[in-house]
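Spelled out from the first residue to the last, the chains are:
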Amino acid sequence: MERAGGDFTRGSVARNILAQAIPLTVAQLVQCLYNVVDRIYIGHLPGVGTDALTGIGLVFPVVTFIGAFTMWYSSGGAPLCAIARGAGKTERAERLQGNTLTLQLVTSVGLMAVCYLFQRPVLYAFGASDATYFYADQYLTIYLLGTPFAMVSTGMNQFINAQGEPRIGMLTTVLGAALNIMLDPIFIFAFDMGVPGAALATILSQLVSAVWVLHFLLSRRSILRLSWETMRPDWPLIREILALGVTGFIMQATNCLSQVVCNVGMKLYAGAQRDLYIGIMTVVNSIREIIQLPVIGITNGAQPVLGYNYGAGQYRRVRQGILFMFFCGLAYTAVVWAAVLLEPRFFLGIFSSDSALVENGVRGVRIYFLAFLTMNLQYAGQTSFTSLGKAKRAVFFSLFRKVVIVLPLTLLLPRWMGVDGVFAAEPISNVIGGGACFLTMMLTLYRPLGRAAAGQEPPIGR
């Protein structure tokens with residue numbers, strides 16, 4: 001028998017989402033600290049802070065690429081797991097969980113090998129100079145050792161959340177990040193390890209998080225028990241996981257590609273200041289990571305609630321959840337959008353004490369976040385599609401915003417705007433891509449759910 005706390009068809013939809021979202025937001029914030037704290041410490045290293053920060057920025061696309069595979073499997077397996085639970089198919093839910101772990105473990109080994117093999121040419125292709133490659137190589141060489149820990153701790157934590165245990169999920173990241181915060185100054189400054197110390201602190205923290213996740217999923221407290229039997233490859237289930245999760249993969253992979261193109265754009269148009277502007281873009285990406293976390297927390301909190309109610313045939317509650325998720329995200333993005341545009345120096349100063357980086361970065365921050373408010377449209381639409389298993393629509397809008405809009409603009413706008421054009425591609429894509437995604441979701445998902453709730457037609461198809 002499942003615990004009542006895991007039944008999202010009971011109680012207020014808003015309360016269910018908030019019960020998931022609040023601890024998830026805390027967890028996401030803490031998860032972000034894994035890498036962000038590294039950047040804060042490194043950015044303030046005496047004498048070499050900017051070059052070292054830029055070097056870590058060059059590693060971003062590689063880290064994002066690894067995260068894309070984690071997202072692929074977890075964003076495919078976890079929603080399917082929630083839908084299976086809502087439909088009372090516990091055995092199927094357990095096999096989805098186990099097969100997701102198998103995918104992550106096998107993939108992590110392959111990714112480590114490929115990244116080590118092509119590390120040097122890839123970092124130079126991503127915009128490294130002789131000065132910044134030194135720091136990028138130091139960080140990535142150690143960071144890659146923690147690939148299995150990073151994939152398991154982040155990816156399998158979604159299944160803890162899908163079981164209605166967001167507090168346990170929050171503790172996964174709190175434990176790891178707290179350890180990272182404590183170890184960073186010890187390794188970087190006390191042991192005088194610099195950049196390698198930051199990477200070592202990170203992988204040790206990821207190891208602790210991974211152990212915590214696996215311990216819970218193997219325990220009796222877990223509704224869905226992890227075992228060797230559930231981990232045995234089930235190819236029809238794996239195909240379902242990959243088909244739905246490809247949305248998350250594309251979102252992350254296109255983020256990786258976008259980061260590479262931005263670095264290349266800075267390399268081409270910033271001239272002698274290319275390392276400085278790649279450093280600025282590193283800080284801009286770091287600011288975005290932090291301020292978007294509550295929105296991601298809300299959408300991730302809504303995902304199991306929407307999926308569970310959809311699986312249970314509670315279409316009216318699904319509609320209520322979509323609206324609540326959207327308006328919560330809108331209220332938050334409005335506040336943080338104004339804060340960043342009014343006080344960009346404050347946010348830049350968190351990551352660097354270099355006056356040149358801060359002063360030159362103000363304009364870039366204001367351009368990049370000009371339309372951040374409209375990012376909520378993308379998050380709400382994308383999450384609704386993914387939560388209800390509508391993979392094709394989610395994939396399309398992921399590609400549309402990043403590949404069709406962002407990438408061409410990042411390459412074309414600098415021809416007329418210089419480095420400002422690299423920053424300007426983001427707000428344009430937010431307005432066009434986010435608006436199109438949300439409008440389509442309302443017309444093809446939200447409205448049909450209303451008719452299904454009224455018994456006028458069957459649930460929407462894929």
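Residues numbered from 1 in each chain as written. Predicted model: local features only at pLDDT ≥ 70, side-chain atom pairs only at ≥ 80, totals over all residues. Heavy atoms only, no water.

Draft legend 1. Region of the structure containing the overall build of the protein. When its secondary structure is counted, the protein shows 19 helices and zero strands. Relative to the globule expectation of 23 Å for 462 residues, the C-alpha radius of gyration of the protein, 21 Å, shows essentially globular dimensions. For the protein, the proportion of its 462 residues judged to be buried stands at 60%. Once local pairs closer than 6 in sequence are excluded, the contacts in the protein between residues at least 24 apart make up 82%. Surface exposure of the protein reaches about 17,600 Å², of which carbon and sulfur atoms provide 68%. Computing the positive centroid from 33 side-chain charges and the negative centroid from 22, the protein places the two 12 Å apart. (Helix = DSSP H or I, 4+ residues; strand = E, 2+ residues; numbered from the N terminus. Rg over C-alpha atoms; globule rule 2.2 N^0.38 Å. Buried < 20%, exposed > 50% of the residue type's maximum accessible area, 1.4 Å probe, protein only. Contact = heavy atoms within 4.5 Å. Areas by Shrake-Rupley, 256 points an atom, 1.4 Å probe, with all protein chains shown as cover. Lys, Arg positive; Asp, Glu negative; His and termini not counted. Charge placed at Lys NZ, Arg CZ, Asp CG, Glu CD.)

Draft legend 2. View of the state of the cysteines. Under the defined criterion, the tally for this structure stands at zero disulfides. Of all cysteine sulfurs in the structure, the one in C256 sits closest to C115, which takes part in no disulfide; the separation is 9.6 Å. Owing to a relative accessible area of 13%, C115 belongs among the buried residues under this scheme. By relative accessible area, which is 8% here, C256 ends up buried. (Disulfide = S-S within 2.5 Å.)

Draft legend 3. Spotlight on the side chain of N16. Looking at the secondary structure, you find N16 in helix α1 (residues 13-43). On the basis of relative accessible area, N16 is assigned to the buried category, the value being 14%. Separated by 3.2 Å, the side chain of N16 and the backbone oxygen of F8 make a polar contact. Other than its neighbours up to four places away in sequence, N16 contacts F8, R10, G11, V305 and R317. (Polar contact = N/O pair within 3.5 Å; in protein donor to acceptor, adjacent residues only side chain to side chain.)

Draft legend 4. Fine view of the environment of G127. Relative to the helices and strands, G127 is located in the loop between α4 (119-125) and α5 (130-143). Residue classification places G127 among the buried positions, given a relative accessible area of 0%. G127 sits 69 residues away from L58 along the chain, and the two C-alpha atoms are 7.0 Å apart. Leave out the neighbours within four places in its chain, and G127 touches L58, K267 and I278.

Draft legend 5. View of the pattern of salt bridges. For the structure on display, the rule yields eleven salt bridges. Of the charged contacts, one joins E240 and R92 as a salt bridge, the two residues approaching to 2.6 Å between their closest N and O atoms. With E240 in helix α10 (residues 235-269) and R92 in helix α3 (residues 90-117), this residue pair connects regions lying 148 residues apart in the sequence. We classify E240 as partly exposed; its relative accessible area is 29%. R92 sits in the partly exposed class, given a relative accessible area of 25%. With its nearest N and O atoms 2.6 Å apart, the salt bridge here joins D420 to R363. With a gap of 57 residues between them, D420 in helix α19 (residues 420-453) and R363 in helix α15 (residues 355-368) connect regions that are remote in the sequence. The exposed category is assigned to R363, whose relative accessible area is 52%. One salt-bridge network, held together by shared partners, links E91, R95, E229 and R232. (Salt bridge = Lys/Arg side-chain N within 4 Å of Asp/Glu carboxyl O.)

Draft legend 6. Main features of the packing of α3 against α10. Axis separation between α3 and α10 bottoms out at 10 Å; the angle between their running directions is 75°. With respect to each other, α3 and α10 are oriented roughly perpendicular. Contacts between α3 and α10 involve R92, R95, L96, N99, T100 and L103 from the former and L237, I238, E240, I241 and L242 from the latter. (Axes fitted to C-alpha atoms, helices over the stretch in contact; angles between N-to-C directions. Parallel < 35°, antiparallel > 145°, perpendicular 65-115°, else oblique.)

Draft legend 7. View of helix α17 (residues 391-412). With 22 residues, α17 extends 31 Å between its outermost C-alpha atoms, agreeing within 8% with the 32 Å of an ideal straight helix rising 1.5 Å per residue. At F400, α17 shows its maximal bend, which comes to roughly 35°. Those residues of α17 not exposed but buried are A391, A394, V395, F397, S398, R401, K402, I405, V406, L407 and T410. Where α17 is buried, its residues meet α10, α16 (375-387), α18 (414-417) and α19. (Expected span 1.5 Å × (residues − 1). Bend = angle between axes of the 7 residues up to and from the residue.)

Draft legend 8. Representation of the environment of Y124 in the model. For Y124, the position within the fold is in helix α4. Between the C-alpha atom of Y124 and that of L58, which follows or precedes it by 66 residues, the distance is 8.8 Å. Excluding its chain neighbours within four sequence positions, the residues that come into contact with Y124 are S129, D130, Y133 and K267. A polar contact is formed between the side chain of Y124 and the side chain of D130, at a distance of 2.8 Å.

Draft legend 9. Molecular detail of the packing of aromatic side chains. This structure, assessed with the given rule, holds 20 aromatic pairs. Taken together, a centroid distance of 5.0 Å and an interplanar angle of 65° make the contact between F69 and F249 edge-to-face. In this pair, F69 sits in helix α2 (residues 49-86) while F249 sits in helix α10, placing the two residues 180 residues apart along the sequence. Judged on exposure class, the residue F69 and its partner F249 are both buried. Judged by centre distance (5.9 Å) and plane angle (10°), the rings of F396 and F400 are stacked. On the criterion of helical spacing, the pair formed by F396 and F400 is a turn pair, its members being four residues apart in helix α17. Look at F400 and you get partly exposed, because its relative accessible area is 22%. One aromatic cluster is present, built from ring pairs that chain together F65, F69, W72, Y73 and F249. Over the ring of Y133 we find R120; its NZ or CZ atom is 5.0 Å from the centre of that ring. (Phe/Tyr/Trp six-rings, centres within 6.5 Å; stacked < 30°, edge-to-face > 60°. Lys NZ or Arg CZ within 6 Å of the ring centre and 35° of its normal.)

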